[in-house]
Amino acid sequence: MNDDRLPPVAPEVTATLVEDLSPRLRKRLDASVTKLGTRPAHRDGDTTTIEVDDETRLRLHAPGGVVAQAQDITCGCLLAPACVHRAAAACAAPTADPAPEPTEQPTPQAPAPDPAAPPETASPAQRAAADALWAAGAAVLEAGVDGAGAVTQSALLRAAHTARLHHLPRAAGAALSVVTLLRGARAGDASYRTADLVTALAELLGTARRVGAVSGAELAALRGRVRRPYRPDGSLRLYGLFTEPVVTDSGHGGVRTWVAGADGRLFTVGDVAPGGVGRALGVADRAVRLGDSALTHRELGRSGLAVSGATVSPDGRLGAGKGVKAVTARGAAWTEPPLAALWETPLSEQAARALRSTSRYADPDGGGSDLLFLDVELLGAVREPGGACLLALCEGGVPVRLTVADDDPALAHRDNLALLAAAPGTRLRIIGRLAPAPHPRLTLLACSHPTGEGTIDLGLDRLRRADLPDPAAPVHLAPPQPAGPGAQSPLYLLERRVEQTVPAGRAALGMLGDVTAETRRIRRAGLPTAAALLTALCASAAQRDRDLFGRLLPADTDGFAASWLAAARYTAAVSESLCSAAWNPTPEGAAAVSSVPVGEAAAG
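**Q** Tell me what's going on with the environment of alanine 294, and back it up with residues and numbers.
**A** The topology assignment puts alanine 294 in the loop between α9 (276–283) and α10 (297–300). For alanine 294, a relative accessible area of 61% gives the class exposed. Separated by 33 residues in sequence, alanine 294 and valine 327 have C-alpha atoms that sit 8.1 Å apart. Discounting residues that sit within four places of it in the chain, alanine 294 has contacts with Ala287 and Glu299.

In C-alpha cells, the structure reads:
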C-alpha cells in the first residue's frame, strides 16, 4: 500500500520502525497497513493526522516535506511507542528519495586518474552493503509479490540506506524502485507492470553482484551518482525541433521541448510538475524557464536560442541557473542545416544509438537519445493484436509501425494518427521514439506538415482533414508485413518463466513440472543457451534437499536468484539484439542475432 495522502518517509525510518517490532507484531504488520489505508487522514501544515479509531490519533510530522526521523511518527494508543501503528504508517506512506534534486550549478571536473595507479576496487564495507542488497533482492524472488510484505520491504529499505551511506547510490536506487513497485503491485495499482519489476529486480541483483568483481572506471559506473551533475557547456546555438506533452502515472504533467545544437547534439528544456494532462496542455504556451527568453515551449520548438553560460546534465537537460543567459534567435527548418543532418544519419546507426539509450540496464549516466529521424511514405493502418497502428515505409524499404505516444483523448496523438492513416502515399519527415520490439516500431512524436508548410507537434497540434493531400482517400488496410528475424522467436518461453517468478515466487515456478518440450522448441530455433537457462531455472526452483532424517532443508535462495538473474539478463540481451537486427535488414543485421554476447548476458 502506498498512500499518497501521507508525506514521504525516509527509507531508514521505515526500516527502523519495522525492525523494532516484536515478532508477534511483525506478523500483524501487513494487515495493519491495509487497515490504516482505510482510515481518515488530514494534513495541517507539516503534520498529517490519521484517525486510527475514535480515540486514537497517529501523527506524521514532516518538516521540509519528508518524515526524516523515527520520532516524527507518534501514536496515542496505549502500546506506543512500541505499537504496530507507527510502523504501519511508515510502510503505507511513499518512500522518500534521499537523493537531493539535481543541482544546476557547474560541477568541478575531477582530476585525471594516474595511469600508473592500480584500479580502485570496492571497499569491504561496500562489499558487505552489496551482499545485503543481494540477500534482500533474493528474498523478494523467493517470496514473490504475494509474500513480499512490509517486513521484506523493510529489509530492502535498510539495505538501500546502508548502500547509499557507503556510496553505492545506483544499487540503492534500484532497491527503492523494487520497493515502490512491490507496493504498487500489492495495492492493485493500475499502472503496475510485472515487466517493470523484473527489470528493477535484475538491475538490483546484477549491480549488487558485480560490486566486488569490478574495478576502476567500471566500478565508478556501477556505483552511480548521488546527484545528477550539470556541467558547464559554454555558449550554445540551439535550433528548435518539437515539443511533446509529458503525462506520468504519478499525476505529473508538463512538456519537454527538444532542441539541437549546431553540432547535432540534442538537448531538452522541460517543465513537469503535479497536474496531469491539464497542466501538460497549459504549460505548452508558457514561457520557457531559460535565461531571458520570452519564448513559449511551442514557439521554441520552431525557433532558436543563443545561450551563454549553459549547463547540461548527462541526459541532455539544459540547466536554468542564475548564470545562464539566453536570447531568442532564428530557428531552422528540418530541411536546412544543421537540422537536416539528423535525417541524413543512416537508419541502422540511429537505431543502434537509440537502443543503447533504451536498454533495460543502460548506464544511468550514459546519455544518448532514443529519438529517430526518418523520411517515410505512409502505407495506411495495419491491424495488430492490441488494436491498429500506422504502417510506413522508410529507408531501404524497411516497414516501420508508428503508434501513439499517449492514448489520452485530451491529447492530439490518437486523432492525428487516425487522420494520417487515411492518407496512404503521403511522404513525411518524422521524429519518433524507439519502441523496443522484434520489428521496427516507433511512437510518433512530430512530423512535417502534410502540405509541406511547417511542422506538427503530434501531441499538441491537431491536424484537420483539409490538411491532408486527399481528404476523400479511404483508409488503406495494409497487410501485415514481415516483422524481422525475431518476430517468431520462441524466446518468450523463457521470458514468461522469468516473469512468472515475480508474482508468486520460487515455489510456484518449481511446481511447473517438465519443460522438455519448451526447451526442445527453443533449441530448434537456434537458442541453445536460452534452453539451458530455462532448464537450470526450473531445476533450481524445484530443488529442495533433505537432511539425514528426511527433513526439508532451507531452499537455496542464492542459487535460484543467480539462475533467475542469468535468464533475465540473457532475454534482455537477445531481445535488444533482435530489435537491432530488425532495423538493419541485411545479412549482416540478421547475423547480429547469433552474435549476442551470451556469456556476458548470462553472467548478469
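**Q** A description of the sheet that holds strand β2 (residues 47–51) should follow, citing residues and the corresponding values.
**A** Taking strand neighbours across the sheet as the criterion, the four strands line up as β1-β2-β3-β4 in an open arrangement whose pairing is antiparallel. Single-partner strands in this sheet number two, and they are β1 (41–44) and β4 (73–75). Geometrically, the sheet is characterised by an average inter-axis angle of 20° between neighbouring strands, direction not taken into account. Two elements, β1 and β2, share four bridges in a ladder whose sense is antiparallel. Residue pairing for β2: histidine 42 is matched across the bridge by threonine 49. Where helix α3 (residues 84–92) meets the sheet, its contacts fall on β3 (57–61) and β4, and the angle it forms with β4 comes to roughly 140°.

**Q** Residues and numbers for the pattern of salt bridges, please.
**A** Counted according to the given criterion, the structure contains 29 salt bridges. One salt bridge in this structure joins glutamate 120 and arginine 223, with 3.2 Å as the shortest N-O distance. Of this pair, glutamate 120 sits in the loop between α3 and α4 (124–147) while arginine 223 is found in helix α8 (residues 216–223), placing the two residues 103 residues apart along the sequence. As a salt-bridge pair, aspartate 263 and arginine 265 come within 3.0 Å of each other at their nearest N and O atoms. Assessed through its relative accessible area of 55%, aspartate 263 is described here as exposed. With relative accessibility at 35%, the residue arginine 265 sits in the partly exposed group. Each of Asp285, Arg298, Arg302, Asp457 and Asp461 takes part in a single network of salt bridges with overlapping partners.

**Q** Describe helix α18 (residues 557–582), naming the residues involved and giving the relevant values.
**A** Look at α18: 37 Å from first C-alpha to last across 26 residues, which is about the 38 Å you get at 1.5 Å a residue. Within α18, 22 of the 26 residues are buried, which leaves it mostly tucked inside the rest of the structure.

**Q** Residue-level account of the nonpolar core, with values.
**A** If you look at the biggest cluster of nonpolar residues, it comprises 69 residues, and the most contacted ones within it are Leu156 and Trp564. Put simply, the parts of the chain that give this core at least two residues each are α4, α5 (150–165), α6 (169–186), α7 (194–210), α8, α14 (492–504), α17 (528–542) and α18. No other element matches the twelve residues that α18 contributes to this core. Every residue in contact with tryptophan 564, bar those within four places of it in the chain, is listed here: Leu141, Val198, Leu201, Ala202, Leu205, Val498, Thr501, Val502 and Leu537. Ala354, Leu378, Ala381 and Leu458 belong to the second largest nonpolar core, which has 32 residues in total.

**Q** Explain empty space enclosed by the protein to me, and be specific about the residues and the numbers.
**A** A complete count under the given rule lists two cavities of 30 Å³ or more for this structure. Volume-wise, the largest cavity comes out at about 50 Å³. For the largest cavity, the full set of lining residues is Thr403, Val404, Ala405, His413, Asn416, Leu417, Leu444 and Leu458. For the lining of the largest cavity, the secondary structure elements donating two or more residues are β12 (398–404) and α13 (413–421). Here the lining of the largest cavity gets three residues from one element, more than from any other, and that element is α13. Partitioning the lining of the largest cavity into residue classes produces five nonpolar, three polar and no charged.

**Q** Lay out α9 in plain terms, naming residues and giving numbers.
**A** Along α9, the residues that are buried comprise Gly276, Arg279, Ala280 and Val283. Axial view of α9: buried residues confined to an arc of 105°, hence all on one face. Of the surrounding elements, those touching the buried residues of α9 are β5 (231–247), β6 (252–261), β7 (266–274) and α10.

Rules and cut-offs
- Residues numbered from 1 in each chain as written.
- Predicted model: local features only at pLDDT ≥ 70, side-chain atom pairs only at ≥ 80, totals over all residues.
- Heavy atoms only, no water.
- Helix = DSSP H or I, 4+ residues; strand = E, 2+ residues; numbered from the N terminus.
- Buried < 20%, exposed > 50% of the residue type's maximum accessible area, 1.4 Å probe, protein only.
- Contact = heavy atoms within 4.5 Å.
- Pairing = 2+ DSSP bridges.
- Axes fitted to C-alpha atoms, helices over the stretch in contact; angles between N-to-C directions.
- Salt bridge = Lys/Arg side-chain N within 4 Å of Asp/Glu carboxyl O.
- Expected span 1.5 Å × (residues − 1).
- Core = buried A, V, L, I, M, F, W, Y, C linked by side-chain atoms within 4.5 Å.
- 1 Å grid on protein atoms, 1.4 Å probe; cavity = no way out; pocket = protein on both sides within 12 Å on 5 of 7 lines; lining within 4 Å.
- Points joined across faces, edges and corners; volume = space filled by probe spheres on them.
- Nonpolar A, V, L, I, M, F, W, Y, C, P; charged D, E, K, R; others polar.
- Arc of directions from axis to C-beta.

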